[in-house]
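Spelled out, the chains give:
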2 protein chains.
Amino acid sequence: MLTMAYPKHLSSADILKTAVNMVEYGGTDGLSLRAVASALGVKAPSLYRYFPHKEVLEAAVAEEIFNLMLGEFRAASESADPETRLRRLADTYLRFARDRFPLYSFAVQSRLPEKYSSKAGKAVWNLLLEAASGVSGQPDDTAAAVAIWSFLHGYATLEHFGVFGASGPKGGLERGVEAFMSNFRSSAEPVRKEHRPRATDIRRQKLP
Amino acid sequence: MLTMAYPKHLSSADILKTAVNMVEYGGTDGLSLRAVASALGVKAPSLYRYFPHKEVLEAAVAEEIFNLMLGEFRAASESADPETRLRRLADTYLRFARDRFPLYSFAVQSRLPEKYSSKAGKAVWNLLLEAASGVSGQPDDTAAAVAIWSFLHGYATLEHFGVFGASGPKGGLERGVEAFMSNFRSSAEPVRKEHRPRATDIRRQKLP
DNA sequence: GTCTATATGCGGATAGAC
DNA sequence: GTCTATCCGCATATAGAC
């Protein structure tokens, strides 16, 4: 088949998948077109048939990562009890950020132009917003969601960079979660059922 | 003076100072030996007379940044009232992180080998630890310090990367600070003077 | 003490052959 | 559709001249 000396065997989906892998195992700034191409057994210029330039690929990678997060977060958000839902979501969020930090970091800190704004990223935010609002009893409690989100992001990041040192965080995670749960609860109607599970489900765990 | 055709006009201090400037205005990964040398009117190889390789310069830069932070934080830590002290420290921390994000980010996320471990960085941590412990009434309350530190770092970072979107954080900062203050207070003796200033002093401000 | 010249390595992107 | 070849830029670091 001489006419197929260069048969098509690339696709946008394959490139995207490989690129996500490069970020996960090559570090947040480990995404290079040469490396992606090499992993696919082709040369870098070939990728330009599918992505006009790197930025477009980066936006697609970020979106894909947010979709990965979304899949796990949705499962965690299924609990009926508001407080359990928020605790499980926080647990899952932290687990993703810890175990797949390069992916997490790439998505959250991707400062891409507005035109690449992420649908999945917004969906993740909405899950957090609803979960926090569910505990506080205030609809669209942005302040509550921003507060606990900041805490989770900061904890995961400082932990990743080894800032807590040899002594470790020493219960700082549980302390923070309890502080927010208590604060959110106090925004809700003062009389509630005594359903207040401990924070013991939030521990360092590995993804399966 | 033919024997001084290449007179000395570099010093470790000058190089360090310039390097810190490059990070502040050139971005977290904007530290290149070429750029530093160019700003000093020399060529890159000249720097090797003062720093054996880049990593040593990076460690010096991180230490210098922590010292800058330390200077501001010490001033904020002078209040006699524990709660005011923690609020002012949090305010100052956030202001530094916001207004000089590249510097802040470089120092906090510098993952340098253990042998470069920062004295000033530890001093910053100790200020936070003492301030948080002062409010909670528990000596060396690591959990409390870790919790509020995570929150401040996360908030500053998410804000910097524009993650809160057009709607903005909508009081998420004040909400978080209050949640922690309340939590810390409850660890202390239950009866306290009614000295509970509002969180209104924590606002976006520019450094002078 | 600083220089030029150079080695080696990375990266994105394009033109034009096959 | 993929290739080779190339241009451009960036970087750290070293050898040896002045």
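These notes cover the structure that comes with them. (Residues numbered from 1 in each chain as written. Chains lettered and ligands numbered in written order. Predicted model: local features only at pLDDT ≥ 70, side-chain atom pairs only at ≥ 80, totals over all residues. Heavy atoms only, no water.)

What to know about the relation of the copies chain B and chain A
Defined as follows: Only residues with pLDDT of at least 70 in both copies contribute their C-alpha atoms to the least-squares superposition of the copies. The contact criterion used is simple: two residues touch if any of their non-hydrogen atoms lie within 4.5 Å.
Under the fitted operation, chain B is carried onto chain A by 0.0 Å of movement along the axis and a turn of 180°, and the coordinates agree to an RMSD of 0.1 Å. The superposition operator between the copies reduces to a two-fold rotation axis. In this assembly, 100% of the residues forming the interface of chain B have copies in chain A that are likewise at the interface, indicating an isologous arrangement.

So, the interface of chain B and chain A
Note the cut-off: Using a 1.4 Å probe, buried area is obtained as the accessible area two parts lose upon being combined, added over both of them. We define a salt bridge as a contact between a side-chain nitrogen of Lys or Arg and a carboxyl oxygen of Asp or Glu at a distance within 4 Å. Residues adjacent in sequence count toward polar contacts only when both atoms are side-chain atoms; beyond that, a polar contact is any pair of N or O atoms within 3.5 Å, and within protein one must be able to donate a hydrogen and the other to accept it. Numbering of helices and strands runs from the N terminus, with a helix taken as a DSSP run of H or I at least four residues long and a strand as a DSSP run of E at least two residues long. Note that Gly is not counted as nonpolar here; it falls among the polar residues with everything else outside the nonpolar set of Ala, Val, Leu, Ile, Met, Phe, Trp, Tyr, Cys and Pro and the charged set of Asp, Glu, Lys and Arg.
Between chain B and chain A, the residue contacts involve 35 residues of the former and 35 residues of the latter. When chain B packs against chain A, close to 2900 Å² is buried across both sides, 66% of that on carbon and sulfur atoms. Applying the counting rule to chain B against chain A returns two salt bridges. For the salt bridge of Asp141(A) with Arg175(B), the shortest nitrogen-to-oxygen distance reads 3.0 Å. Counting the contacts that link chain B with chain A gives eight residue pairs in polar contact (both at pLDDT 80 or more). Residue assignment for the side of chain B that touches chain A shows that the elements contributing at least two residues are helix H7 (142–160) and helix H8 (172–187) of chain B. A per-element tally of the side of chain B that touches chain A places H7(B) first, with 14 residues. Class assignment of the residues belonging to the side of chain B that touches chain A gives a composition of 16 nonpolar, 14 polar and five charged.

Considerations on the packing of aromatic side chains
Two descriptors summarise a pair of aromatic rings, namely the distance from one centre to the other and the angle between the planes of the rings. Residues and elements named next belong to chain B. Defined as follows: The pairing test for Phe, Tyr and Trp rings, Trp by its six-membered ring, is centres within 6.5 Å, and the orientation test on the planes gives stacked under 30 degrees, edge-to-face over 60, and tilted for anything in between. Accessibility here uses a 1.4 Å probe with only protein chains present; expressed as a share of the type maximum, an area under 20% marks a residue as buried, one over 50% as exposed, and anything in between as partly exposed.
Inspection of every chain in the model, using the stated rule, returns 23 aromatic pairs over all chains. Note on Phe101 and Tyr104: the rings are 6.2 Å apart at their centroids and 50° apart in plane angle, and the pair reads as tilted. With Phe101 and Tyr104 both in helix H5 (residues 101–108), this residue pair falls three residues apart, about one helical turn. Neither Phe101 nor Tyr104 differs from the other in exposure class; each is buried. Plain terms: the ring middles of Trp125 and Trp149 are 5.3 Å apart, the flat faces sit at 35° to each other, and that makes the pair tilted. Of this pair, Trp125 sits in helix H6 (residues 119–136) while Trp149 is found in helix H7, placing the two residues 24 residues apart along the sequence. For the pair shown, Trp125 and Trp149 are each scored as buried.

Quick word on the side chain of Ser150(A)
Structurally, Ser150(A) is set in helix H7 (residues 142–160). For Ser150(A), a relative accessible area of 0% gives the class buried. Setting aside chain neighbours within four positions, we find Ser150(A) in contact with Ser150(B), Phe151(B), Gly154(B), Tyr155(B), Leu158(B) and Phe164(B).

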